[in-house]
Amino acid sequence: MRSQDELLAKYNTSVPRYTSYPTVPFWNELTPDLKWQQNFRENFLKQNKNGGISLYLHLPFCETLCTYCGCNKKITTNHSVEDDYIDTILKEWKLYLQLMDEVPVIRELHLGGGTPTFFCPENLQRLIEGIFENAERHPDYEFGIEGHPNNTTEAHLKTLYQLGFRRIIYGVQDHDPVVQRAINRIQPVANVRRATEKAREIGFRSVNYDLIYGLPFQTLAGEEKTLGETIELKPDRIAFYSYAHVPWKSKAQRLFDENDLPSPELKTQLYLLAQKKFNEAGYSDIGMDHFALPNDDLYIAWKQGKLHRNFMGYTTTHTSFLLGLGVSSISDTGTAYSQNHKELANYERLINEGKFAANKGCFLSPTDVALKDYILQTACKGKVIFREEDKELIEELALPHLQEVAEDGLISFNEKGFTVLESGRQYLRNICQAFDQKWWQSNEKTAAQLFSKSV
């Protein structure tokens, strides 16, 4: 059996986060348009009648540039852009409504970015009400939004609560002033506390934090202080992400020196420190960077085996159909993916011309669908049962890797399937990789440059 240090050294490799399979780098130009539209129509009807759909709205604007960020964003202090962008999203929504032969039932709605709270409360209300002019809420709906502690106001929170939002995710990242200056995100702890307490006072039942380890100038002492201040505020769930340094993809990351990043050894220590502190504070390791308190819906779904994963990360509402609206947004019909243009001007031009803005995607083969399901089972349930019809596929593709991780004590494995052990929860991405046929068929050196390290 390998020691913890040996496991970290072996498995801290470049691996996808598996919010999709096949993963985005292996998608192609989306042609023809009609094939995507037909696939959308057929799968919408299946899922809408079977529990509703998920909807993701990408709001890309930020007032300042956070240099660590690899998201699709547009930096501006000109808030006049809000109206035109909301108009464009609502036009895109109407384009998709033409492909729906019945009223959409929305079970899950998420506003991401960028900075969704860049938009004023009145415009967020106009956006959501515009969506529901032609849609119904599922009885068990869940609405969530990403907020910036510096600009999320009481008016934002009250408006969102009235619209049905009960979960808010604050981008905290790190409380150390030295780190904050390096990543250009100056955010006093007092602002995080105010935003957290106000959300709870208004009635939000789940307040979540995003933290990042591996940022420039992070130290064990600084991290311990950040963790202490975080645990004191007791967010219901914490996403503890590994910083992905990909300056060839995200130009803003070239604004600080790579020599200021923690060494691989220190980065591992930062993770282990957080894992220890979170566990001591009562958080459970859900897997794939997520920790949750026993009262949180994510924890409950995990314990009940009802967890799901899509482009919004882990979710408690298991829908196999996701529609993404807005620049760079991704849709998942269950058997196909599409991604809108990443350039704001191209996205807006196409939608205003009455055309769909999707320009990249992937149609899944039956093998892809099977592998996608095994990856979801691994990431969400930590338990996989092999289907008899997949026996040959499993033996040829996944068996060698699964045997190796079993020998390293990460899974309990036999011919019928496997269960992820507690020691393997930290390495879920590596275990999922056993089913990533696209990765194993690719040039491994090239593929390694496309994804972040697993730890």
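Residues numbered from 1 in each chain as written. Predicted model: local features only at pLDDT ≥ 70, side-chain atom pairs only at ≥ 80, totals over all residues. Heavy atoms only, no water.

Draft legend 1. Seen up close, helix H8 (residues 220-233). Compared with the 20 Å implied by 1.5 Å per residue over 14 residues, the 20 Å span of H8 between its first and last C-alpha is a close match. As for H8, its buried residues are in contact with helix H7 (189-202), strand E8 (206-213), strand E9 (237-242) and helix H9 (264-280). Two residues or fewer past H8, Lys234 is found with a positive phi of approximately 50°. (Helix = DSSP H or I, 4+ residues; strand = E, 2+ residues; numbered from the N terminus. Expected span 1.5 Å × (residues − 1). Contact = heavy atoms within 4.5 Å.)

Draft legend 2. Local environment of the pattern of salt bridges. With the rule as written, the count across this model stands at 22 salt bridges. The partner of Glu154 in a salt bridge is Lys198, and the shortest N-O contact between them spans 3.8 Å. Placement of Glu154 in helix H5 (residues 154-162) and of Lys198 in helix H7 is noted, with a sequence separation of 44 residues between them. You can call Glu154 partly exposed: its relative accessible area is 34%. (Salt bridge = Lys/Arg side-chain N within 4 Å of Asp/Glu carboxyl O. Buried < 20%, exposed > 50% of the residue type's maximum accessible area, 1.4 Å probe, protein only.)

Draft legend 3. Local environment of unusual backbone geometry. Note that the residue after Tyr21, namely Pro22, is joined by a cis bond; omega there is -5°. Here Pro22 is to be found in the loop between helix H1 (4-11) and strand E1 (28-29). For the bond running from Gly113 to Gly114, omega is 20°, close enough to zero to count as cis. Here the phi dihedral of Tyr18 falls at roughly 55°; this positive angle occurs in a residue that is not glycine. Tracing the chain through its elements places Tyr18 in the loop between H1 and E1. Although it is not a glycine, Met288 sits at a positive phi angle of roughly 50°. Note on placement: Met288 falls in the loop between strand E10 (284-287) and strand E11 (290-292).

Draft legend 4. A look at the sheet that holds strand E18 (residues 383-385). In spatial order, the strands read E18-E20-E19; together these 3 strands make up an open sheet with antiparallel pairing. Every other strand in the sheet has two partners, leaving E18 and strand E19 (411-414) as the edge strands with one partner each. For this sheet the average axis-to-axis angle between neighbouring strands, irrespective of direction, equals 5°. As paired strands, E18 and strand E20 (residues 417-420) are joined by 3 bridges and run antiparallel to one another. (Pairing = 2+ DSSP bridges. Axes fitted to C-alpha atoms, helices over the stretch in contact; angles between N-to-C directions.)

Draft legend 5. Local environment of helix H12 (residues 366-381). Relative to the 22 Å expected for 16 residues at 1.5 Å per residue, H12 spans 22 Å between its end C-alpha atoms, a close match to the ideal helical length. Burial in H12 covers these residues: Asp368, Ala370, Leu371, Lys372, Tyr374, Ile375, Gln377, Thr378, Ala379 and Cys380.

Draft legend 6. The nonpolar core, seen in detail. Residues Trp93, Ile106, Leu109 and Phe165 are the most contacted members of the largest nonpolar core, which totals 72 residues. Ranked by residues supplied to this core, first place goes to helix H3 (residues 81-97) with 8 residues. Those residues in contact with Ile106 that sit more than four places away from it in its chain are Ile53, Leu55, Trp93, Ile131, Phe132, Ala135, Glu136, Arg137, His138, Tyr141 and Phe143. (Core = buried A, V, L, I, M, F, W, Y, C linked by side-chain atoms within 4.5 Å.)

Draft legend 7. Main features of the pairing of E8. E8 sits mainly inside the fold: 8 of its 8 residues count as buried. Because side chains alternate across E8, one face comprises the buried residues Ser206, Asn208, Asp210 and Ile212, and the other comprises Val207, Tyr209, Leu211 and Tyr213, equally buried. Relative to E8, strand E7 (residues 165-173) runs parallel, the two sharing 6 bridges. Bridge pairing in E8 places Ile168 opposite Val207.

Draft legend 8. Here's a closer look at the environment of Gln173. Tracing the sequence through the fold places Gln173 in strand E7. By relative accessible area, which is 7% here, Gln173 ends up buried. For Gln173 and Lys198, which are 25 residues apart along the polypeptide, the C-alpha to C-alpha distance reads 20 Å. Sequence-distant contacts of Gln173, defined by excluding residues within four places in its chain, comprise Tyr68, Ile183, Arg185, Asp210, Leu211 and Ile212.

Draft legend 9. Spotlight on the pairing of strand E14 (residues 322-325). Residues Leu322 and Gly324 line one face of E14 and the alternating positions Leu323 and Leu325 line the opposite face, and both faces are buried. Note: strand E2 (residues 53-59) against E14, 4 bridges, orientation parallel. Within the sheet, the bridge partner assigned to Leu55 lies in E14 and is Leu323.

Draft legend 10. Quick look at the environment of Tyr56. Here Tyr56 shows up in strand E2. The exposure class assigned to Tyr56 is buried, which follows from its relative accessible area of 14%. The spatial distance from the C-alpha of Tyr56 to the C-alpha of His110 is 4.9 Å, given a sequence separation of 54 residues. A polar atom in the side chain of Tyr56 sits 2.8 Å from the side chain of His58. (Polar contact = N/O pair within 3.5 Å; in protein donor to acceptor, adjacent residues only side chain to side chain.)

Draft legend 11. Broad picture of the packing of H3 against helix H4 (residues 121-131). Direction vectors running N to C along H3 and H4 enclose 10°, while the axes themselves pass 10 Å from each other. Between H3 and H4, the crossing angle belongs to the class labelled roughly parallel. Mapping the contact onto sequence places Glu82, Asp83, Ile86, Asp87, Ile89, Leu90 and Trp93 in H3 and Asn123, Arg126, Leu127, Gly130 and Ile131 in H4. Grouping the amino acids of the contact of H3 with H4 by side-chain chemistry returns 6 nonpolar, 2 polar and 4 charged. (Parallel < 35°, antiparallel > 145°, perpendicular 65-115°, else oblique. Nonpolar A, V, L, I, M, F, W, Y, C, P; charged D, E, K, R; others polar.)

Draft legend 12. The packing of aromatic side chains, seen in detail. Tallied over the entire structure, the rule returns 31 aromatic pairs. Ring geometry for Phe61 versus Phe119: centroids 5.9 Å apart, planes at 50°, classification tilted. Of this pair, Phe61 sits in strand E3 (residues 61-62) while Phe119 sits in the loop between strand E5 (105-113) and H4, and the two are 58 residues apart along the sequence. By relative accessible area, Phe61 is classed as buried at 2%. (Phe/Tyr/Trp six-rings, centres within 6.5 Å; stacked < 30°, edge-to-face > 60°.)

Draft legend 13. Broad picture of the packing of H3 against helix H11 (residues 344-352). Two elements in contact, H3 and H11, have axes whose closest approach is 9 Å; the angle formed by their N-to-C orientations is 50°. Between H3 and H11, the interaxial angle falls into the category oblique. H11 is crossed by H3, and the crossing has left-handed handedness. Contacts from Tyr85, Thr88, Ile89, Lys91, Glu92 and Leu95 in H3 reach Leu344, Tyr347, Glu348, Ile351 and Asn352 in H11. Tallied by class, residues from the contact of H3 with H11 come to 6 nonpolar, 2 polar and 3 charged. (Left-handed = near helix turned anticlockwise from the far one by under 90°.)

Spatial relationships are all this shows, so hold off on functional conclusions.
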